[in-house]
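Structural features, examined
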Amino acid sequence: MKKIVLYFLCLVPIILCSTTWNVIQDGTGDFTTIVSAVEAANSGDTILIHEGIYYEEIVVYNKPLTYASLFHIDGDESHIGNTVLDGEHSHPFLASLNQNYWGEVNVIGLTFRNGHLTMETHPDSDFGSGGLSIKRSVANITDCSFYNNKGISGGALWLKGCEINLAGNSVRHNQAEHIGGGILAFNDMTNLQEFNFDSINLNSFYNNTAMLGFDIRLKAVGVISPIYADTLSINSYDHYANAINDDFGQQLENYTVQSNHYIIDRVQSDLYVSPSGDDSNDGLTPETPLKSIWLASAKIEPSPSNPLTIHLLPGEYSHSANGNRFPIDVRDNCHLIGSSMEDTIINLESETSFILSGTDCFRGQIKNLSILNGYYGEDIWRNRTICIASYIGEHDYFPYAEFENIHFNRTQDFYSEEENGSLVLGGTNGYIKSCIFGSLENEHLNNSRGIILFAMGNLPDYTFRIEGCEFYNMKTGAIAFGNEWNYSEVEIVNNLFQSPQPLYEQSPGEVFNVYVDGLLRSYIVNNTFSGYHLGNQMRGMVTVGTSTWETIPNYTYIYNNIFEENLSAVGNRAIIVDWYQQEFAAEVEIGNNLIVGGENEVGYSEEWSNVNVNYATTNIDTIPHFNGYGKNALMLDDCSPAIDRGTLNLPDGFVMPDTDIAGNPRVHNRIDLGCYEWQGNVADFTMQAMGNVFPIDVVFTPHYNDPIDTIAWDLDLDGVIDSYEMNPVWSYPDFNGHNVGMYINDGEAIEIKYDCIQPTTPILEETNDTPEANELLACYPNPVRISTGNVILKYNAKDVGSAELKVFNIKGQMVKYIKVKSQRQGRNTIFWYLTDNRGVHVPSGVYLYNLEQNGERIGKGQITVLK
């Protein structure tokens, strides 16, 4: 069907006065590539692109041209879909960048798909879209199709300092890592742009994603006509979908957005999302979940009087596995809650951030999930796995963000001096509790910042509390900044900062476990700092900047902490004060801490009379004596000098938590130093050998005065938990020097026994009998609960060699591969700890396994994993 468009007639005089270059891939035209035609063309010429798929990247400077399909000639719509610029998910297509505000760039009847622009592929580019970028021109874009493009800002269209005329375009399923998923248009501060949406030949913008303005983002523009559209994602004019600011950066009020159709119906109800869901579901029940977190975030419609929750059901959410696209923007008064840290996994696949929210005022909770492989690139907005910045504006309420039971586990190296961080929060009050940053297993792969808190502009004061969190091998654990307009307070209590091995020496930028600056009050109480980083400049486990803009001092209280194993480089200290001098005074109180190295581990400049550091005699310099075993290896041993050495005589307004980092009562007799409270020796266990021939199985029985909710066993005391069963069975080759540790209720009670494996009946020498064939003896427990911890496979092997265990899900995908070298001839044991190849607990379900030794199958079967 032909489509007659009157603007063709207006272009006839231009065509007659310019040259038209035909691009035909079979060689019958002037050129076979668009790039070669552009090089030959002069300003005002037309590049007529015949049907085909063009895999080209075209960057044009100071040469305004017309780019058109044969639709430009005959109005046949079929030419649009058949004339394709394809970026192969590796590069953008067309950027026309003019410097002098002259000439017209016309783009007519083309399809742009699969464009991809990143800071890595184009580090010096001055454009941001994976599709079409135009700067300082009259930009006429008509009857084009844009889909599956990805850019830094402006997923499909990036228009800077232009007079813009849009007609008949379809912009859908594009993505921006920052703002403007469909289109970003903005003033370049020297030229106010005009923006016109055709009211007859309507455009469509839908199902695009971005941090802010997921369909349309118009920023600091001069003249904007009403937005007329055929289709938009949602019937909403707000910063989530269609964000429009005036030239002062303020959201325009009562702006006209008019569309014939909307893709997404908003609902005032909780929503459910599952990796196995379907976006055609209503999402209103766990039985009818959506698949896309982004769709749920766009669909849900909370209000101050009706906060709502997006429930993330168990499973892994990623782009490759189930098409989930990130980042997303969580709405105000909307909570995002998974099932558990172990069961709900967000895998960002080293591509992007998870949440980037530039909300007007964010109030909400994000809980119970793990985030893997967050991206940390050169662009500052992509340096944050979660970033929420709240601007109060004229509201009479304050932002509040709460984060609990989240594991930020990034598994890639990154060296950057940008302020990257797993969790970045600006201008908000809130609470971060029981979160994990990094991991012990990847000691060289978490070289980033954990938490960054900062005040924003002249907004009201903010207070924040970080409690019960674990930081492993982080370049910086937590940073908090105030500013001259805010009264800001931060409490950092009951946290564990552990770096058992030094990070790379060449890691750029400052390295701190905690850095506080410009805050009128900081409380650093009952934390454990163990291990530190090599470096070549003054760096502290705790660094206190003394900036203040008030006429009263800022106060920093450092009490009841443990500082040990500062891996000394020149200038490294446990505590550093006086990052730089300011006009007004600062007070730093250091009392009741265990600091290995004593007052020598406090670095500050005494000549600065306006900084007062009070190092109390209640601090002690000695070894803390941790128990050293299990998942809570930095718990205090029963002989630790840190027991009962803390103080509750803390400044008014500070509230001590009820429990320590492990959930134990925070005060047992008197308060201890560090993040763990010693509970006393209240546990015990007995053992019973099964049989009288080595290798011998031993069954363990725990004894505890209170109910046992959870239990963990380190059955060879190597620091790795071997079983979560109540009565585990373990095989020992002999009874010489075997040690066992038991940890009850997440370490509430601990019992460790040394050289404890003894036979109860006489032990006979092991016979020389060897099996004639490989044989699977047992696979238990089966079914197994995740809380149990492991599956044990016992088998006989006829030869010495290597064993391989492969575990598959019901889709046939291998989730776990275990190879054990030097398995002996005879009886052997392999353990599967119900984790996948990334170390994450597998979800409940049925799994198939195949066990081989020396390439020969020993046995196969299935294992049912329960919650």
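It should be emphasised that the depicted structure is a prediction, and the values quoted were computed from it without experimental measurement. (Residues numbered from 1 in each chain as written. Predicted model: local features only at pLDDT ≥ 70, side-chain atom pairs only at ≥ 80, totals over all residues. Heavy atoms only, no water.)

Our next topic: the environment of N405. Structurally, N405 is set in strand β34 (residues 400-409). Its relative accessible area of 26% is what places N405 among the partly exposed residues. C-alpha separation for the pair N405 and K433, spaced 28 residues apart in sequence, amounts to 6.8 Å. Each residue touching N405, except ones within four places of it in the same chain, is listed here: M341, K367, N368, L369, K433, S434 and C435. (Helix = DSSP H or I, 4+ residues; strand = E, 2+ residues; numbered from the N terminus. Buried < 20%, exposed > 50% of the residue type's maximum accessible area, 1.4 Å probe, protein only. Contact = heavy atoms within 4.5 Å.)

It is worth spelling out the environment of N306 at this point. Checked against the element boundaries, N306 lands in the loop between α5 (293-299) and β27 (308-312). The partly exposed category is assigned to N306, whose relative accessible area is 28%. It is 8.0 Å that separates the C-alpha atoms of N306 and Q268, two residues lying 38 residues apart in sequence.

Our focus in this paragraph is the sheet that holds strand β58 (residues 696-704). Read across the open sheet, the three strands follow the order β57-β58-β60; overall the sheet is antiparallel. The sheet is open, and its two edges are formed by β57 (683-690) and β60 (729-732), each paired on a single side. Sheet twist, expressed as the mean angle between neighbouring strand axes with direction ignored, is 35°. Relative to β58, β57 runs antiparallel, the two sharing eight bridges. Residue pairing for β58: D684 is matched across the bridge by H703. (Pairing = 2+ DSSP bridges. Axes fitted to C-alpha atoms, helices over the stretch in contact; angles between N-to-C directions.)

The next point concerns the sheet that holds strand β59 (residues 711-714). Within the open sheet, the three strands sit side by side as β59-β61-β62. Their pairing is antiparallel. The open sheet has two edge strands with one neighbour each: β59 and β62 (749-753). With direction set aside, neighbouring strand axes in the sheet form an average angle of 10°. Two strands pair when backbone bridges link them, and strand β61 (residues 740-744) and β62 are joined in this way by five bridges, in the antiparallel orientation. Opposite I744, over in β62, you have A749 as the bridge partner.

Another point: the side chain of K150. Residue placement: K150 occurs in strand β13 (residues 150-151). The class for K150 is buried, based on a relative accessible area of 11%. In this view, K150 contacts G115, H116, L117, G130, G155, Q175, E177 and E351; residues no more than four positions away in its chain are not counted.

So, on to the nonpolar core. Core analysis: the largest hydrophobic core is formed by 78 residues, its most contacted members being I293, L336, I346, F354, F403, I432 and I575. Considering each element in turn, this core owes the most residues, five residues, to α5. With 45 residues, the next largest nonpolar core counts V38, I47, L110 and A185 among its residues. (Core = buried A, V, L, I, M, F, W, Y, C linked by side-chain atoms within 4.5 Å.)

This part covers the pairing of strand β38 (residues 449-454). Summarising burial for β38: five of the six residues are buried, a large majority. Note: β38 against strand β41 (residues 476-481), five bridges, orientation parallel. Paired with L453 across the two strands is A480, which belongs to β41.

With that out of the way, let us pick up the pattern of salt bridges. The tally for this structure, following the rule as stated, stands at nine salt bridges. With a closest N to O distance of 2.6 Å, D332 and R363 form a salt bridge. Residue D332 is located in the loop between α6 (319-322) and β29 (334-338), and its partner R363 is located in strand β32 (residues 363-372); the two are separated by 31 residues in the primary sequence. An identical accessibility class is assigned to D332 and R363; each is buried. When the shortest N-O distance is used, the salt bridge between R465 and E467 registers 2.8 Å. Under the relative-accessibility criterion, R465 is labelled buried at 12%. Its relative accessible area of 9% is what places E467 among the buried residues. Linked by salt bridges that have partners in common, K367, E402 and E404 make up one network. (Salt bridge = Lys/Arg side-chain N within 4 Å of Asp/Glu carboxyl O.)

What follows is about the packing of aromatic side chains. For any two aromatic rings, the description comes down to two numbers: the centre-to-centre distance and the angle of the planes. Counted under the stated rule, the structure contains 19 aromatic pairs. Consider the rings of F408 and F437, whose centres lie 4.9 Å apart with planes at 5°: the pair is stacked. Taken together, the residues F408 in strand β34 and F437 in strand β37 (residues 436-437) connect sequence positions 29 residues apart. Judged by relative accessible area, which is 3%, F408 ranks as buried. (Phe/Tyr/Trp six-rings, centres within 6.5 Å; stacked < 30°, edge-to-face > 60°.)

Turning our attention to unusual backbone geometry. Residue P327 is reached from F326 by a cis peptide bond, and omega for that bond is 5°. Assignment of secondary structure puts P327 in the loop between α6 and β29. For H173, which is not glycine, the phi dihedral falls at a positive 55°. Within the element layout of this structure, H173 appears in the loop between β16 (170-172) and β17 (175-176). Phi is positive for N368, which is not a glycine, with a value near 60°. Of note, N368 is situated in strand β32. When its relative accessible area of 17% is taken as the criterion, N368 is described as buried.

For I73, the position within the fold is in helix α3 (residues 71-74). Relative accessible area serves as the criterion here: at 56%, I73 is assigned to the exposed category. C-alpha separation for the pair I73 and L48, spaced 25 residues apart in sequence, amounts to 9.1 Å.

Within the secondary structure, S723 is located in the loop between β59 and β60. Within the structure, the side chain of S723 is placed 3.0 Å from the backbone nitrogen of E725, a separation counted as a polar contact. (Polar contact = N/O pair within 3.5 Å; in protein donor to acceptor, adjacent residues only side chain to side chain.)

Right, let's get into the confidence of the model for the chain. When the pLDDT values of the chain are averaged, the result is 80; 78% of them are 70 or greater. Ignoring residues within four places in sequence, the model shows residues 1-16, a span with pLDDT below 50, making 26 contacts including any to other chains. A low-confidence stretch, residues 759-768 stays under pLDDT 50, and its non-local contacts, those more than four residues away or across chains, total 15 contacts. (pLDDT = per-residue confidence, 0-100.)

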